[in-house]
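Chain and residue survey
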Amino acid sequence: MSLLNLNLSDPLMKALKAVNSIAGKSLTEEDLRRQRSAMELAGRLAAPTGGVTLEPFQVGEIPCEWVKPDLAHNPQYVILYAHGGGYTCGGLAYARILAAKLAVSTGFSVVSFEYRLAPENKFPAALEDGNQVWDYLIEKGYKNDRILLAGDSAGGNLMVCLTQRILMEGNDPPRMLLLFSPWTDMTAKSKSYQQYDGKDPILTKHYVESVRDAVIGEDAEPSDPIYSPIFGEFKHFPPTLVQVGKTEILYEDSASLVKQIQKVGGKAKLDVEKDGWHVYQQMPLPVASRAMRRLADYVSDEIYKN
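In this report, we go over the structure that sits alongside the text. On a predicted model such as this, the values are computed, not experimentally measured, just so you know. (Residues numbered from 1 in each chain as written. Predicted model: local features only at pLDDT ≥ 70, side-chain atom pairs only at ≥ 80, totals over all residues. Heavy atoms only, no water.)

Further remarks concern the overall build of the protein. Looking only at helices and strands, the protein has nine helices and eight strands in total. The globule rule puts the C-alpha radius of gyration for 306 residues at 19 Å, and the 18 Å found for the protein is close to it. Within the span of the protein, comprising 306 residues, buried residues form 59% of the whole. Restricting the contact set of the protein to residue pairs at least 6 apart, pairs at least 24 apart contribute 77%. On the protein, roughly 12600 Å² of surface is accessible, and the fraction owed to carbon and sulfur atoms is 49%. (Helix = DSSP H or I, 4+ residues; strand = E, 2+ residues; numbered from the N terminus. Rg over C-alpha atoms; globule rule 2.2 N^0.38 Å. Buried < 20%, exposed > 50% of the residue type's maximum accessible area, 1.4 Å probe, protein only. Contact = heavy atoms within 4.5 Å. Areas by Shrake-Rupley, 256 points an atom, 1.4 Å probe, with all protein chains shown as cover.)

Here we come to the packing of helix H2 (residues 29–46) against helix H3 (residues 92–106). The N-to-C vectors of H2 and H3 enclose an angle of 40 degrees; their axes lie 7 Å apart at closest approach. Between H2 and H3, the angle is such that the two are oblique. As for how H2 packs across H3, the hand of that crossing is left-handed. Contact residues: H2 offers Met 39, Glu 40, Ala 42, Gly 43 and Ala 46, while H3 offers Ala 93, Tyr 94 and Ile 97. Considered class by class, the residues forming the contact of H2 with H3 number six nonpolar, one polar and one charged. (Axes fitted to C-alpha atoms, helices over the stretch in contact; angles between N-to-C directions. Parallel < 35°, antiparallel > 145°, perpendicular 65-115°, else oblique. Left-handed = near helix turned anticlockwise from the far one by under 90°. Nonpolar A, V, L, I, M, F, W, Y, C, P; charged D, E, K, R; others polar.)

As enumerated under the stated definition, the model contains 13 salt bridges in all. Between Asp 275 and Lys 274 there is a salt bridge, with the nearest N and O atoms lying 3.2 Å from each other. Accessibility expressed as a relative area gives 63% for Lys 274, which makes it exposed. Linked by salt bridges that have partners in common, Arg 116, Glu 128 and Asp 129 make up one network. (Salt bridge = Lys/Arg side-chain N within 4 Å of Asp/Glu carboxyl O.)

So, about the packing of helix H4 (residues 125–139) against helix H5 (residues 154–168). Look at H4 against H5: their axes get within 10 Å of each other, and the N-to-C directions meet at 65 degrees. Once H4 is placed against H5, the crossing between them reads as right-handed. Here H4 contributes Ala 126, Leu 127, Glu 128, Gly 130, Asn 131 and Trp 134 to the contact with H5, which in turn contributes Leu 158, Cys 161, Leu 162, Arg 165 and Ile 166. In terms of residue class, the contact of H4 with H5 is made up of seven nonpolar, two polar and two charged.

Turning our attention to the environment of Leu 92. Within the secondary structure, Leu 92 sits in helix H3. Between the alpha carbons of Leu 92 and Pro 63 there is a distance of 7.9 Å; along the sequence they are 29 residues apart.

Structurally, Ser 181 can be placed in the loop between strand E6 (176–180) and helix H6 (191–195). Side-chain polar atoms of Ser 181 contact the side chain of Glu 248, separated by 2.7 Å. Sequence-distant contacts of Ser 181, defined by excluding residues within four places in its chain, comprise Ser 153, Gln 243, Val 244, Gly 245, Glu 248, Leu 250, Ser 254, Trp 277, His 278 and Val 279. (Polar contact = N/O pair within 3.5 Å; in protein donor to acceptor, adjacent residues only side chain to side chain.)

Burial of strand E2 (residues 62–69) is extensive: six of the eight residues sit out of reach of the surface. The sheet contact formed by strand E1 (residues 52–59) and E2 spans eight bridges and is antiparallel. Following the sheet pairing, Pro 56 is matched in E2 by Glu 65. Between the antiparallel neighbours E1 and E2 lie two residues, among them Gly 60 with a positive phi of about 60 degrees. For E2 and strand E4 (residues 109–113), the ladder comprises four bridges, and the chain directions are antiparallel. (Pairing = 2+ DSSP bridges.)

In structure tokens:
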């Protein structure tokens, strides 16, 4: 299915589009209400209902969920997954869409978590929550090299920032990163923001800038590496797979991340889907299934063949 033939009236696509839309120049209470409601709907429409077992639990005050594959389960590894939603919406129901696909594709258990949202809790509140769940897995006995980090969009931002924090504190990195259209540059100045604004069926430049201001505050400097990890340090990063659609406005966020990791001698792969859009892997479509198979092959090659 190409972007030209994409059914924008599909209920799931309409829900995802509603998540990423803002009426005015800033994020209003009405925007938040509509976005969060749409994200819950997206979760109900798209989360797989079979092939996994769900186990809710808490880490401190953070609601979490184990998503365990029913078949071909390798319990030695775990994926810590952060959902997208511009840091302003999303929860366990929405996270379940990709968490379940990751579990079934890899055969690993996935832990998703409901991090605090902006603007009620500005960044780095979400990062601190992610760090707390990482610490929980370490305390459960998982070694760093048995934990994979995964995230989409804002969740991809969170997981890149978490990896940088782990390394900055002198600890070993996670086993690998699996990222779907990660948001790595909050300045919104790369060429793909201009080139594909209006062509991307999900995101707009206006939306990204609006949620950014809600997440970090209008007086913050978006190029600060704490917000835009693309300007941070990438030495000793683990193997990283980045999947992105060719004509989405966050294309350069993905491509630049891979280049930065490779520049310092790291191993990173850019997986570009010419017919993809922002986090197209969520959709119940062949193009999404093919992407998850490629991800599974990457994980298998890195863990079992190296």
